[in-house]
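# A closer look at the structure
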Amino acid sequence: ILIQRNHLRNFPTELTIFQSLERLGLGSNELGRIPDEIAQFRNLVWLDFTHNRISHVSDRLGELPRRHQPPTQRTELRISRWDVESSNSEIIMIK
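Below: a short report on this structure. (Residues numbered from 1 in each chain as written. Predicted model: local features only at pLDDT ≥ 70, side-chain atom pairs only at ≥ 80, totals over all residues. Heavy atoms only, no water.)

### Structural notes on the packing of aromatic side chains
As enumerated under the stated definition, the model contains 1 aromatic pair in all. A cation over a ring is seen here: R23 above W46, with NZ or CZ 4.4 Å from the ring centre. (Phe/Tyr/Trp six-rings, centres within 6.5 Å; stacked < 30°, edge-to-face > 60°. Lys NZ or Arg CZ within 6 Å of the ring centre and 35° of its normal.)

Below is the structure:
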C-alpha cells in the first residue's frame, strides 16, 4: 500500500486490519512518529517513512522481522530527514 503525499499527520490506524501487509509506503507526508501499531504488521518486508517529520520511533519497531533473518523474512526500513528524540529500538536497515 502506498499512501504518499497526502499530508498525513497521524499514522492511519485503519491500516492495522491488513496484518499480512508486506509493503507500506508512507513517504512524503507530515508524520511525526512511528507508532506502536507498526509492530502488528508481522509480514512487512518494506516500510517507507522517508520525507516525514519523524521525532519519535516506537520501541516496538524492533519487533518487526530482523536483519539477521533470511532476506525473505526481514524488513527494510527507509527513513530520511528525521530527528528522533527518543527511541530504544534496534533500527533494522536504513538506506
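Additional details are given in the paragraphs that follow.
### Comments concerning the pattern of salt bridges
On inspection of all chains with the given rule, the structure shows 2 salt bridges. The partner of E63 in a salt bridge is R60, with the nearest N and O atoms 3.0 Å apart. (Salt bridge = Lys/Arg side-chain N within 4 Å of Asp/Glu carboxyl O.)

### A word on the nonpolar core
Formed by 19 residues in total, the largest nonpolar core has its most connected members in L24, I34, I38, F41, L47, F49 and L61. Contacts of F41, omitting those with residues within four sequence positions, involve F11, L15, T16, F18, Q19, L21, L24 and L64. (Core = buried A, V, L, I, M, F, W, Y, C linked by side-chain atoms within 4.5 Å. Buried < 20%, exposed > 50% of the residue type's maximum accessible area, 1.4 Å probe, protein only. Contact = heavy atoms within 4.5 Å.)

### Observations concerning the environment of R78
Within the secondary structure layout, R78 lies in strand 5 (residues 76-78). The exposure class of R78 is partly exposed, given its relative accessible area of 28%. For R78 and L47, which are 31 residues apart along the polypeptide, the C-alpha to C-alpha distance reads 6.2 Å. (Helix = DSSP H or I, 4+ residues; strand = E, 2+ residues; numbered from the N terminus.)

### Digging into the sheet that holds strand 3 (residues 46-48)
One open sheet accounts for 3 strands, arranged 1-3-5; its pairing is parallel. The open sheet terminates on both sides in strands that have one partner only, identified here as strand 1 (23-25) and strand 5. Pairwise comparison of adjacent strand axes, ignoring direction, gives a mean angle of 10° for this sheet. Sheet analysis places strand 1 next to strand 3, joined by 3 bridges and oriented parallel. By the bridge assignment, R23 is partnered in strand 3 with W46. (Pairing = 2+ DSSP bridges. Axes fitted to C-alpha atoms, helices over the stretch in contact; angles between N-to-C directions.)

### Some words on the side chain of N52
Relative to the assigned elements, N52 resides in the loop between strand 3 and strand 4 (56-57). Judged by its relative accessible area of 5%, N52 falls in the buried class. For N52, the side chain forms a polar contact with the main-chain oxygen of F49, separated by 3.1 Å. Of note is the side chain of N52, whose polar atom sits 3.3 Å from the backbone oxygen of T50. (Polar contact = N/O pair within 3.5 Å; in protein donor to acceptor, adjacent residues only side chain to side chain.)

The analysis is restricted to geometry; functional conclusions fall outside its scope.
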